[in-house]
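# A structural walkthrough
Listed below are the residues making up each chain.
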Amino acid sequence: MGAYLEALHHTGSYYSFLGVVQVVAAILLLIPRTVALGSIIYFPIIANICVLSIALRFEGSIVTSPLMALANLFLLF
């Protein structure tokens, strides 16, 4: 997982873009009128984190990332 994050950091602007999108999604999820949009933006992010943590057996988020993905699906439905 560390090698993946290091490679992601070396992409430059893409790494910053992901951070900005995560913050925007978080802000949208906090505002009741924009929860649906925040969930739509956040779903691909958490799905990617969930797949990576399961595929790489990352112990730090093996339980929390699937739960966050389920919570996001709940918001979407």
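Scope of this entry: the structure provided in the associated data block. Quantities reported herein were computed from a predicted structural model and do not represent experimental measurements.

Let us now look at the overall build of the chain. When helices and strands are tallied, the chain shows 4 helices and 0 strands. Taken from N to C terminus, the helices and strands of the chain fall in the order α-α-α-α. Dimensions along the principal axes, computed over C-alpha positions, put the chain at roughly 40 × 30 × 15 Å. In the chain, of all internal contacts separated by at least 6 residues, the share reaching a separation of at least 24 is 38%. Accessible surface, the chain as shown: approximately 5,500 Å² in total, 75% of it carbon and sulfur.

One can find Leu18 in helix H2 (residues 13-30). The class of Leu18 is partly exposed, set by a relative accessible area of 21%. Each C-alpha atom of the pair Leu18 and Leu52 lies 15 Å from the other, and the pair is 34 residues apart in sequence.

Here we take up the side chain of Asn72. Secondary-structure assignment places Asn72 in helix H4 (residues 64-76). Assessed through its relative accessible area of 3%, Asn72 is described here as buried. If we skip the residues at most four places from it in the chain, Asn72 touches Ser39, Tyr42, Phe43 and Ile46.

What counts and how
Residues numbered from 1 in each chain as written. Predicted model: local features only at pLDDT ≥ 70, side-chain atom pairs only at ≥ 80, totals over all residues. Heavy atoms only, no water. Helix = DSSP H or I, 4+ residues; strand = E, 2+ residues; numbered from the N terminus. Contact = heavy atoms within 4.5 Å. Areas by Shrake-Rupley, 256 points an atom, 1.4 Å probe, with all protein chains shown as cover. Buried < 20%, exposed > 50% of the residue type's maximum accessible area, 1.4 Å probe, protein only.

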